[in-house]
Amino acid sequence: MADERNFRSTYYEKVGCRGVEERKSLEILLKEKPLNLTKLTQFCIRFTVPKIHRTVLWNSLLGVTPVYDKSREYVMEQRVAVYNDLLKALKTMRIVDENTPTSRVLYAMWLLEKKQLYLGRDITQESHFCNITKVLLEIFDNDIETYWMAKSLYDYSEEVSLEMGKLSDLTYTILEKEDNGLYIHLKSCDMLTALPLSDWYRSFFAGVLSEPALIRIWDKICGGAIKIVVFVMIEILRMLRRRVLRCVDQKSLFECIDSIKNEQETADMIVNGAIELWQQNKGHEYIPQSKVKTLS
C-alpha cells in the first residue's frame, strides 16, 4: 500500500494535480494558530499548492499577512491605507490615470515608495518588477494583495541578482552533465554565455513560460527555493533540444525559446521536468527561516 501511495503521489506531482492526502495536510496547517511558516514552507517545497489555497499560502509566506490571525485585519487595513495613499499621490501628480495598465500603476507605486520616482522617470520601461507583477495579476484578483506580493517576490529577485555568478556557473555545470552534446553546441557557437540568464532568472521566467505552468515554479520560489530557476533553464533547453541544435546564432536561439511562450503543453512538460530534475539534484534548499518574510 505504501508503494502504491508513493507512486500515486509522484504521478499527481508530475501532472500538476494534488492528492487528497496533501490537500488535507495543507488545510490542517492553515488552521494552526499561529501559522507555522516552517511547515508551510516545506509544503511549498514538496508539493504543488492547490489553487483554492494559493492566495492564503502565498500571502503568508511572502509576509503580506501575519501569522497571528488576530493581527491580520489590522495589518491589512494598514496595507490598504498605504496602497490608497500611493495611488492618490500618483493620480494627483498625473503620473497615472484610468487608462494606465495596472502593472504600470503598481510599478509606479513601488518606485514612489522606494523614492525612485524622479522627474521624467519612464514607468513604461521594462523592469523585473513589472514582469513579476504582470504574472501575479493573471493569477490573483486583489490588486492590493498583488502589490504587496510583488514587492516581496522582487526581494527574492534581488537575492537572485546577488547570486547570479554562482547560478550561472551552476547552469553551465548541470547542462554539461545532463546533456553534453547540447552544452558543446551552445558553447562552440558562442551562444551559451549569450543566454540572458540574469533577466530570465530575476523575473522567474515571467513572459517566457505561460502562467498556468509557471505558477507551479513560483510555488517553490515562495518557499524560498530560488535555485530552481537553474533547472527550469536546463529543462527549456533539453525540451527544445532538436530545435536548439539547429540554431547557429543568438537570434535564432532566442526566437526558438520565444516560440514556447504560448505553448501550454510544452510549458507543462518543461515545469514537470524542471521540478523532477531539481529534486534529483537535491534541490530542496530554501532560504533560512530568518530570511522568510514574517509578521507577528
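Per an unreviewed UniProt entry, the protein chain goes by TBC1 domain family member 7 and derives from Anopheles stephensi.

(A) Region of interest: the nonpolar core. Ranked by size, the top nonpolar core spans 85 residues in total, and within it Y201, F205, W218, I236 and I257 carry the most contacts. Residues from two domains meet in this core; each of domain 1 (10-67) and domain 2 (73-284) gives at least three. By size, the runner-up hydrophobic cluster in this structure holds 13 residues, among which are L30, L35, L37 and F47.

(B) Inspection of helix α4 (residues 51-61) at higher detail. Residues of α4 that are buried: H53, R54, L57, W58, N59, S60 and L61. For α4, the secondary structure elements touched by its buried residues are α2 (20-30), α3 (37-46), α7 (128-139), α8 (143-162) and α12 (211-222).

(C) Local environment of the packing of helix α9 (residues 164-178) against helix α10 (residues 180-188). Running from amino to carboxyl end, α9 crosses α10 at an angle of 125°, the nearest separation of the two axes being 5 Å. Between α9 and α10, the angle is such that the two are oblique. Note on element contacts: α10 touches α9 through N180, L182, Y183 and L186, opposite Y172, L175, E176 and E178. In the contact of α9 with α10, the residues fall into five nonpolar, one polar and two charged.

(D) Spatial organisation of the state of the cysteines. On inspection of all chains with the given rule, the structure shows zero disulfides. Not part of a disulfide, C189 finds its nearest cysteine sulfur in C247, a span of 9.0 Å. Unpaired in terms of disulfides, C222 finds its nearest cysteine sulfur in C44, a separation of 6.3 Å.

(E) View of the packing of helix α6 (residues 102-113) against α8. Across the interface, α6 lies against α8 with an axial gap of 11 Å and an inter-helix angle of 60°. Relative to α8, the element α6 is oriented oblique. Of the two possible hands of crossing, α6 and α8 adopt the one that is right-handed. Two secondary-structure elements touch here, α6 through T102, L106, M109, W110 and E113 and α8 through D143, T146, Y147, W148, K151 and Y154. The residue makeup of the contact of α6 with α8, split by class, is six nonpolar, two polar and three charged.

(F) Structural view of the side chain of N131. With respect to the secondary-structure elements, N131 resides in helix α7. Once residues within four sequence positions are removed from consideration, N131 is found in contact with E126, S203 and A206.

(G) Looking closely at the packing of aromatic side chains. Under the defined criterion, the tally for this structure stands at eleven aromatic pairs. Seen from their ring centres, Y107 and W110 are 6.2 Å apart, and the 20° between their planes marks the pair as stacked. Within this pair, Y107 and its partner W110 are both found in helix α6, separated by three residues, close to a single helical turn. Judged on exposure class, the residue Y107 and its partner W110 are both buried. An aromatic cluster is defined as three or more aromatic residues linked by ring pairs; in this entry it consists of Y107, W110, F129 and Y154.

Conventions adopted
- Residues numbered from 1 in each chain as written.
- Predicted model: local features only at pLDDT ≥ 70, side-chain atom pairs only at ≥ 80, totals over all residues.
- Heavy atoms only, no water.
- Core = buried A, V, L, I, M, F, W, Y, C linked by side-chain atoms within 4.5 Å.
- Buried < 20%, exposed > 50% of the residue type's maximum accessible area, 1.4 Å probe, protein only.
- Domains from an automatic or database assignment.
- Helix = DSSP H or I, 4+ residues; strand = E, 2+ residues; numbered from the N terminus.
- Contact = heavy atoms within 4.5 Å.
- Axes fitted to C-alpha atoms, helices over the stretch in contact; angles between N-to-C directions.
- Parallel < 35°, antiparallel > 145°, perpendicular 65-115°, else oblique.
- Nonpolar A, V, L, I, M, F, W, Y, C, P; charged D, E, K, R; others polar.
- Disulfide = S-S within 2.5 Å.
- Left-handed = near helix turned anticlockwise from the far one by under 90°.
- Phe/Tyr/Trp six-rings, centres within 6.5 Å; stacked < 30°, edge-to-face > 60°.

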